[in-house]
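Remarks on the overall topology
Listed here are the chains, written in short residue letters.
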Amino acid sequence: MGRTRFDSIAALIEHDAASPLASDEFDTQLWLLMIQKIDRPSDLEHLPRPVAVYHASRLLQWEVLNGGFGQAAGNIPVWFELVAVGYSALGMRKSAGLIREARDCLTEDRIKLIDQSLLDESTIEKLAALDERIPEDEFCIDDERVEYVRKHRDAFRIV
């Protein structure tokens with residue numbers, strides 16, 4: 001995936017505050033540092049809400065763009081509700097609603113497992129139909145997410 005130029009999230013945040021990076025560079029650097037610390041939703045419980053908003057929304061966005069809601073349901077089903085909360089916090093209500101619809105396609109047992117082969121044909125079809133409804137104006141929100149992080153820098157300094 002690449003290497004980070006910074007040894008901590010705090011160092012990245014401080015550098016960006018003094019000399020802003022390009023949005024995509026900042027996002028990449030932050031993501032590389034975040035995935036070293038956060039693997040599951042429970043890793044976010046002790047961190048400020050903006051950290052969860054950033055991490056969860058970026059995680060799902062990239063999963064869905066890579067392979068649709070079916071891939072996300074297979075790889076990160078436990079993240080869906082937190083992602084919907086994140087998209088809502090970012091003001092992306094249509095996307096948050098669609099993510100909740102995707103989450104509702106999954107059984108509680110399915111959410112606890114991470115194995116895409118356990119998705120039945122009906123669920124796969126429902127999730128594929130949701131892929132067709134992804135709102136172009138508010139699903140790919142890299143720039144908005146970076147702006148949100150920059151508005152909440154203090155929340156990220158402690159990660």
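The preceding data block contains the structure.
Residues numbered from 1 in each chain as written. Predicted model: local features only at pLDDT ≥ 70, side-chain atom pairs only at ≥ 80, totals over all residues. Heavy atoms only, no water.

Some remarks on the packing of aromatic side chains
Keep this limit in mind: Stacked, edge-to-face and tilted labels apply to pairs of Phe, Tyr and Trp rings (six-membered ring for Trp) whose centres lie within 6.5 Å, assigned for plane angles under 30 degrees, over 60, and everything in between, in that order. The helix and strand labels rest on DSSP assignments: H or I over at least four residues marks a helix, E over at least two residues marks a strand, and numbering proceeds from the N terminus. Only protein chains enter the calculation, and the probe is 1.4 Å; a residue is then buried if its accessible area is under 20% of its type maximum, exposed if over 50%, and partly exposed in between. Any Lys NZ or Arg CZ found within 6 Å of a ring centre and within 35 degrees of that ring's normal is scored as a charge over the ring.
By the definition in use, this model includes four aromatic pairs. Ring geometry for tyrosine 87 and phenylalanine 139: centres 5.5 Å apart, planes at 20°, overall stacked. On the criterion of sequence distance, the pair formed by tyrosine 87 in helix 4 (residues 80-89) and phenylalanine 139 in the loop between helix 7 (121-131) and helix 8 (142-151) is long-range, its members being 52 residues apart. The class for tyrosine 87 is buried, based on a relative accessible area of 0%. Residue phenylalanine 139 is classed as buried on the basis of its relative accessible area of 1%. Here the aromatic cluster, defined as three or more aromatic residues joined through ring pairs, consists of Trp31, Tyr54 and Phe156. The ring centre of tryptophan 62 lies 4.0 Å from the NZ or CZ of arginine 58, which sits over that ring. Between the NZ or CZ atom of arginine 150 and the centre of the ring of phenylalanine 26, over which it lies, the distance is 4.8 Å.

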